[in-house]
Amino acid sequence: MTGRQRVPIPPPLSAQVLFQSNRTCCICREGGRPIQIHHVDEDPSNSSIDNLAVLCTVCHNDTQIRGGFGRKLDANQVVLFRDDWIKAVQRYRATQEIVGDRKPDTAIGLQLRLATVLPDIYKEHGSTVELIRYYEQVGSVELRDKFIDELLARDPAPYEIIECREQQHRLDLVPADVWEAAIRDAWPDEQTVAYLQNLSGQTVEALRTILKAVLDRLDEGNLFNAAFVLKNLNFYASVEALFKMCLETYASENDIWWQLRSLQELGWTREAKELLLSHEAAIRSGSSLHLKLELARALIDEDWMFELEKELAEAGPGAYIALVSEDEHPELQA
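These remarks concern the structure in this document. (Residues numbered from 1 in each chain as written. Predicted model: local features only at pLDDT ≥ 70, side-chain atom pairs only at ≥ 80, totals over all residues. Heavy atoms only, no water.)

## Focus on the overall build of the protein chain
Of regular secondary structure, the protein chain possesses 19 helices and 4 strands. Across the protein chain, the fraction of contacts at a sequence separation of at least 24, relative to all contacts at a separation of at least 6, is 48%. With an accessible surface of roughly 19400 Å², the protein chain has 53% of that area assigned to carbon and sulfur atoms. (Helix = DSSP H or I, 4+ residues; strand = E, 2+ residues; numbered from the N terminus. Contact = heavy atoms within 4.5 Å. Areas by Shrake-Rupley, 256 points an atom, 1.4 Å probe, with all protein chains shown as cover.)

## Some thoughts on the pairing of strand E2 (residues 52–56)
Within E2, 5 of the 5 residues are buried, which leaves the element mostly enclosed by the surrounding structure. Side-chain alternation along E2 places Leu52, Val54 and Cys56 on one buried face and Ala53 and Leu55 on a second face that is also buried. Note: strand E1 (residues 35–39) against E2, 5 bridges, orientation antiparallel. From the neighbouring strand, isoleucine 35 faces E2, where its bridge partner is cysteine 56. (Buried < 20%, exposed > 50% of the residue type's maximum accessible area, 1.4 Å probe, protein only. Pairing = 2+ DSSP bridges.)

## Here we look at the nonpolar core
The biggest cluster of nonpolar side chains holds 30 residues, and the ones touching the most others in it are Cys25, Cys26, Ile27, Leu80 and Tyr135. Going through the elements one at a time, E2, helix H3 (75–99), helix H4 (110–115), helix H6 (128–137) and helix H7 (141–152) are the ones with two or more residues in this core. Among the elements that line this core, the one with the most residues is H3, at 7 residues. Core analysis: the next-biggest nonpolar cluster, separate from the first, contains 20 residues, Leu260, Ile283, Leu289 and Ala298 among them. (Core = buried A, V, L, I, M, F, W, Y, C linked by side-chain atoms within 4.5 Å.)

## Observations regarding the environment of serine 278
Mapped onto the elements, serine 278 comes out in helix H15 (residues 269–278). Classification of serine 278 as exposed rests on a relative accessible area of 53%.

## Overview of the packing of aromatic side chains
In this structure the tally under the stated criterion is 6 aromatic pairs. Arranged with centres 6.4 Å apart and planes meeting at 55 degrees, the rings of tyrosine 122 and tyrosine 134 form a pair that is tilted. Of this pair, tyrosine 122 sits in helix H5 (residues 118–124) while tyrosine 134 sits in helix H6; the two residues are 12 residues apart in sequence, bridging distant segments of the chain. Taking 6.3 Å as the distance between ring centres and 75 degrees as the angle between the ring planes, the aromatic pair formed by tryptophan 257 and tryptophan 258 counts as edge-to-face. With relative accessibility at 26%, the residue tryptophan 258 sits in the partly exposed group. Taken together, the aromatic side chains of Tyr122, Tyr134, Tyr135 and Phe147 make up a single cluster linked through ring pairs. (Phe/Tyr/Trp six-rings, centres within 6.5 Å; stacked < 30°, edge-to-face > 60°.)

## Re unusual backbone geometry
Here the bond from tryptophan 187 into proline 188 is cis, since omega is 5 degrees, no more than 30 degrees from zero. One non-glycine residue with positive phi stands out, namely glutamate 42, at about 65 degrees. For glutamate 42, the location among the structural elements is in the loop between E1 and E2. Glutamate 42 sits in the buried class, given a relative accessible area of 18%.

## Thoughts on the packing of H6 against helix H8 (residues 158–167)
Viewed as axis vectors pointing N to C, H6 and H8 meet at an angle of 10 degrees, and their least axial separation amounts to 10 Å. Judged on the interaxial angle alone, H8 and H6 are roughly parallel. Seen from H6, the contacting residues are Val129, Ile132, Arg133 and Glu136; seen from H8, they are Tyr159, Glu160, Glu163, Cys164 and Gln167. Residues of the contact of H6 with H8, tallied by class, amount to 4 nonpolar, 1 polar and 4 charged. (Axes fitted to C-alpha atoms, helices over the stretch in contact; angles between N-to-C directions. Parallel < 35°, antiparallel > 145°, perpendicular 65-115°, else oblique. Nonpolar A, V, L, I, M, F, W, Y, C, P; charged D, E, K, R; others polar.)

## Things to note about the side chain of asparagine 76
Within the secondary structure, asparagine 76 is located in helix H3. What asparagine 76 contacts, discounting residues up to four positions off in sequence, is Lys123, Tyr135, Leu143, Lys146 and Phe147.

## Details of the packing of H7 against H8
At their nearest, the axes of H7 and H8 sit 10 Å apart, and the two run at 155 degrees to each other. The pairing of H7 with H8 is recorded here as roughly antiparallel in orientation. Crossing of H7 over H8 shows left-handed handedness. Contact residues: H7 offers Arg144, Ile148, Leu151 and Leu152, while H8 offers Glu160, Ile161, Cys164, Arg165 and Gln167. Of the residues contributing to the contact of H7 with H8, the split by class is 5 nonpolar, 1 polar and 3 charged. (Left-handed = near helix turned anticlockwise from the far one by under 90°.)

## Some details on the environment of lysine 273
Mapped onto the secondary structure, lysine 273 falls in helix H15. Owing to a relative accessible area of 39%, lysine 273 belongs among the partly exposed residues under this scheme. Sequence-wise, lysine 273 and leucine 295 are 22 residues apart; in three dimensions their C-alpha atoms are separated by 7.9 Å.

## Brief notes about the pattern of salt bridges
Counted according to the given criterion, the structure contains 19 salt bridges. The network of salt bridges with common partners includes Glu190, Lys212, Asp216 and Arg217. (Salt bridge = Lys/Arg side-chain N within 4 Å of Asp/Glu carboxyl O.)

## So, H15
Taken together, the buried positions of H15 are Ala272, Leu275 and Leu276. The buried residues of H15 occupy an angular sector of 95 degrees when projected down its axis, which confines them to one face. Looking at H15, the residues exposed on the side facing more than 90 degrees away from the buried face are Arg270 and Ser278. Considering only its buried residues, H15 is in contact with helix H14 (256–266), helix H16 (280–285) and helix H17 (289–299). (Arc of directions from axis to C-beta.)

Okay, structure coming up:
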């Protein structure tokens, strides 16, 4: 504390901090105890609201005691307790008119109990990535980003960089050479390779990798591993990405039918309707019964739908085969 000058907390800020915590210690949460506003980083000149927490005198003493892995109650733990307590107070205030005499939740749950031990264990073992995952899991963005910054400053492995940026939902910050290095380092772990390929936008390559892995496991008789890979593979995201790629390709080729089918498979009904209506004249003058029927549905023209359904029934399966195998609508390719 040498060299740090205590600066009084402005009264409006002090009032705000006390109000957020219901004038109750965020650690023990026992009402009626003498309280004080604690500077989380122990810098008495840093009175930003993110650096302040309400503690009773007993819990404040715990921030000063050292032993075991470190302090009995360190800054990161105080932040987790504070943020959770503020949420509990907010929930109480939002519902107190309905539930009457109910008090803010005072029970300290399993996650907060673990918060007093897990971070220290991860630090003791040098598991910074696990520590980052933990803070992401409990919703502490401030602590997550703090340790991400520390890790990135130490020239981490490519996979660790990707892990950090994924936790922040900022994969756009990962350079191309980091992706390449991480995928190269992951071989022969096909599941990790496919995971990285999928994250980096290499959808087709990821599917090839993971499907080969599944087939290999089936050939080996390792049914559990094959099932596990399939269960954890995000097929929906991969399928969606493929249909988006198809949509882009067919749009560049001005192929209305396959643009429509791609939009339908994506579930983009509004965009599908807009596509049909923007090409209404060409579809009406064309020969594709299927496109005309889709347009009639978009227009909610029941009489036209009735006539088209009859024509398609009379044409039989050949109408569909002709549509997908021949250049049936050249007027739409212009």
